[in-house]
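Here's the letter readout for the chains.
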Number of protein chains: 2
Amino acid sequence: MLKKERHTYIMKQINLHNKVLSSDLSQQLNVSEDTIRRDLNELDESGKLLKVHGGALSKSYHFPFHQNEVYAQEAKKQVALKAIQLIKEGMVVLTGGGTTMIELAKMIPFSLEATFFTISPLVALELVEHPKLTVILIGGQLSKNAQINVGASVINDLSEIKVDICFLGANGIDAKEGITDSDWEVVQVKKAMIKSTSKVVILSISEKLNSVQKMRVCNFNQVTHFITELNPNHANLASFSEMNIQIL
Amino acid sequence: MLKKERHTYIMKQINLHNKVLSSDLSQQLNVSEDTIRRDLNELDESGKLLKVHGGALSKSYHFPFHQNEVYAQEAKKQVALKAIQLIKEGMVVLTGGGTTMIELAKMIPFSLEATFFTISPLVALELVEHPKLTVILIGGQLSKNAQINVGASVINDLSEIKVDICFLGANGIDAKEGITDSDWEVVQVKKAMIKSTSKVVILSISEKLNSVQKMRVCNFNQVTHFITELNPNHANLASFSEMNIQIL
DNA sequence: GTAAAAATTGCAGAAAAACGCAAATTATTA
DNA sequence: TAATAATTTGCGTTTTTCTGCAATTTTTAC
């Protein structure tokens with residue numbers, strides 16, 4: 001039995017019972033507990049489960065999304081800070097989801113008067129208390145891993161709006177391959193978002209630079225701004241400098 | 001049973017009852033009180049509860065200033081507890097918003113397989129981690145005071161679905177006047193919700209009994225169940241007893 | 001003030017994890 | 001195809017973690 005097979009088996013058990021024991025898995029898969037532990041360590045590092053003494057637990061059950069700490073929060077705050085400077089009074093804005101986008105929402109000044117469309121319930125809730133904002137949450141099926149609304153109805157609703165500026169997070173970003181993502185539903189929605197706007201702003205921490213995911217969202221000629229926390233003339237950004245994009 | 005499992009169990013009990021006893025937990029989890037005390041100490045040190053002699057207390061309940069306090073939370077939890085007993089495997093459920101509904105969402109067991117439509121981002125986020133639930137958030141303009149989605153698009157989307165059971169909170173409830181509310185947008189949405197379902201379950205703490213708001217949502221012949229925290233033959237419920245409604 | 005209940009502390013046995021290493025398997029290259 | 005390199009796996013040893021028990025101290029209740 002191959003490693004990948006064990007991994008999928010383990011994840012199935014996790015999703016079924018919310019927990020697994022190293023000893024059980026060792027018996028069921030006919031490998032030593034050492035091997036199981038190594039498997040669990042890998043799955044833990046890639047964030048798919050939570051390894052504990054004796055086995056592993058479902059991450060979602062024991063650590064709900066909203067109480068997770070934000071990874072690389074400082075960098076994301078810097079990125080968000082740059083981004084909000086692009087928002088002007090009276091604008092119609094569209095935002096995606098993700099932790100960077102939530103940081104952005106937290107930074108929106110209370111005095112701003114604008115209209116925000118979003119597919120993220122978390123972003124919407126951050127903005128709802130702002131007195132001068134109109135917040136419109138585009139509904140759909142709530143994606144379990146991305147925590148944004150996805151599906152045909154979202155794409156349909158997006159096709160009927162036209163906004164001034166759209167802020168998007170990126171999972172994979174590469175000078176050649178453009179913006180990429182690993183979840184099919186998410187890619188579909190992001191594509192629809194890009195169609196609904198005149199300015200596309202990509203937010204991404206530098207760590208994700210030069211990484212490529214399974215599916216393409218768009219290439220760089222559809223992007224108007226790219227924001228990261230690095231200095232614009234940093235070596236890692238050299239490959240982007242020739243493009244017709246504003247780098248912040 | 002693994003340590004972390006005990007921790008989640010303890011936190012669930014804390015969130016449900018606002019307090020736990022070491023002796024109870026020892027029995028329920030089949031471990032010595034020593035172990036429970038060690039668990040409680042760890043959870044206390046990480047700030048998740050408040051350890052006291054004999055057990056532990058919910059932090060939010062006893063120090064409500066940190067988080068936004070839920071008014072009459074105990075009563076709302078009792079109401080929600082009754083309500084979830086109406087949800088059966090495989091059902092299609094529609095829920096409104098409000099604090100009672102969020103308590104209900106928190107109590108949904110992880111093992112339930114069902115489809116949830118909701119107009120409340122907070123309810124949706126509570127449910128999104130449940131592995132077997134499909135959560136569909138009906139989008140629209142996010143109402144600043146009710147924290148639910150409202151507007152024509154919500155009503156339109158609601159007109160296109162048909163659910164088994166619909167849970168609704170009530171601001172005003174009166175034997176003569178029926179269910180009433182003070183926000184026009186909210187009333188419109190609630191009316192649309194009632195049209196989309198076969199069973200209408202009203203959840204309300206007894207305090208709101210016999211109060212009448214500005215606008216009518218519906219009268220009692222559209223309601224199938226009414227849940228409050230009082231004993232069914234309590235005097236205050238006398239006026240409802242003749243109606244064709246199940247009172248819980 | 002006394003007795004009962006609960007908490008703390010130290011300790012020991014058991015279970016699990018980490019580590020290093022060797023054998024076996026798989027992939028890569030000539 | 002053979003040889004080499006890289007990865008994976010299992011085993012023995014050491015280290016750490018977990019848990020219950022007993023003795024002692026502290027808190028609570030009557």
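What you see is a predicted model; the values in this text were computed from it and never measured.

Caption draft 1: Geometry of the interface of chain A and chain B. Facing the 37 residues of chain A at the interface are 30 residues of chain B. Roughly 2,800 Å² is buried in total at the junction of chain A and chain B, and carbon and sulfur atoms are behind 62% of that figure. The interface formed by chain A and chain B contains 1 salt bridge. Ionic pairing is found between K19(A) and E5(B), a salt bridge with its closest N-O pair at 2.9 Å.

Caption draft 2: Local environment of the sheet that holds strand β2 (residues 50-52) of chain A. Residue and element names in this part refer to chain A. If you walk across this open sheet you meet the 3 strands as β1-β3-β2, and the pairing is antiparallel. Of all strands in the sheet, those bounded by a partner on one side alone are β1 (19-21) and β2. Across the sheet, the mean angle from the axis of one strand to that of its neighbour is 20°, orientation sign disregarded. In the sheet, β2 pairs with strand β3 (residues 55-57) via 3 bridges, with the strands oriented antiparallel. Paired with V52 across the bridge in β3 is G55. Strands β1 and β3 of the sheet are contacted by helix α1 (residues 3-17), whose axis makes an angle of about 125° with β1. Of the strands in this sheet, β1 and β3 are in contact with helix α2 (residues 22-29), which crosses β1 at around 70°.

Caption draft 3: Up close: the protein's contact with DNA strand D. Taken together, the neighbourhood of DNA strand D is formed by 16 residues, with R6(A), T35(A), R6(B), T35(B) and R38(B) sitting nearest. Of what DNA strand D places within 4 Å of the protein, 60% of the atoms are sugar or phosphate. Residue R6(B) places a side-chain N or O atom 2.8 Å away from a phosphate oxygen belonging to DNA strand D. At the level of secondary structure, the elements contributing two or more residues to the surface near DNA strand D comprise α1 and α3 (33-45) of chain A together with α1 (3-17) and α3 (33-45) of chain B.

Caption draft 4: Seen up close, the environment of P121(B). By the element assignment, P121(B) lies in helix α7 (residues 121-127). Taking relative accessible area as the criterion, P121(B) reaches 0% and is therefore assigned buried. For the pair P121(B) and G96(B), spaced 25 residues apart in sequence, the C-alpha to C-alpha distance is 10.0 Å. Those residues in contact with P121(B) that sit more than four places away from it in its chain are P121(A), L125(A), L137(A), L137(B), L142(B), Q147(B) and I148(B).

Caption draft 5: The arrangement of the protein's contact with DNA strand C in detail. Residues in contact with DNA strand C amount to 17 residues; listed here are only the nearest, R37(A), G54(A), D34(B), R37(B) and G54(B). Atoms of DNA strand C within 4 Å of the protein belong to the sugar or the phosphate in 71% of instances, the rest to bases. Contact between DNA strand C and V52(A): a phosphate oxygen at 3.5 Å from a main-chain N or O atom of the residue. Counting only elements with at least two residues in the surface near DNA strand C, the list comes to α3 and β2 of chain A together with α3 and β2 (50-52) of chain B. Among the elements that take part in the surface near DNA strand C, α3(B) stands out by supplying 3 residues, more than any other. Grouping the constituent residues of the surface near DNA strand C by class yields 2 nonpolar, 9 polar and 6 charged.

Caption draft 6: Region of the structure containing unusual backbone geometry. The backbone phi angle of N18(A) is positive, close to 65°, even though this residue is not glycine. Within the secondary structure layout, N18(A) lies in the loop between α1 and β1. Look at N18(A) and you get buried, because its relative accessible area is 15%. Of note, the phi angle at N210(B) is positive, near 65°, even though the residue is not glycine. Assessed through its relative accessible area of 44%, N210(B) is described here as partly exposed.

Caption draft 7: Summary view of the state of the cysteines. Residues and elements named next belong to chain A. Taken as a whole, this structure holds 0 disulfides over all chains when the rule is applied. Free of any disulfide, C218 has its nearest cysteine sulfur in C166, 9.7 Å distant. Judged by relative accessible area, which is 3%, C218 ranks as buried.

Rules of the game
Residues numbered from 1 in each chain as written. Chains lettered and ligands numbered in written order. Predicted model: local features only at pLDDT ≥ 70, side-chain atom pairs only at ≥ 80, totals over all residues. Heavy atoms only, no water. Contact = heavy atoms within 4.5 Å. Buried area = accessible area lost by both parts, 1.4 Å probe. Salt bridge = Lys/Arg side-chain N within 4 Å of Asp/Glu carboxyl O. Pairing = 2+ DSSP bridges. Helix = DSSP H or I, 4+ residues; strand = E, 2+ residues; numbered from the N terminus. Axes fitted to C-alpha atoms, helices over the stretch in contact; angles between N-to-C directions. Near = heavy atom within 4 Å. Polar contact = N/O pair within 3.5 Å; in protein donor to acceptor, adjacent residues only side chain to side chain. Buried < 20%, exposed > 50% of the residue type's maximum accessible area, 1.4 Å probe, protein only. Nonpolar A, V, L, I, M, F, W, Y, C, P; charged D, E, K, R; others polar. Disulfide = S-S within 2.5 Å.

Take it as geometry only, folks, not as evidence of what the structure does.
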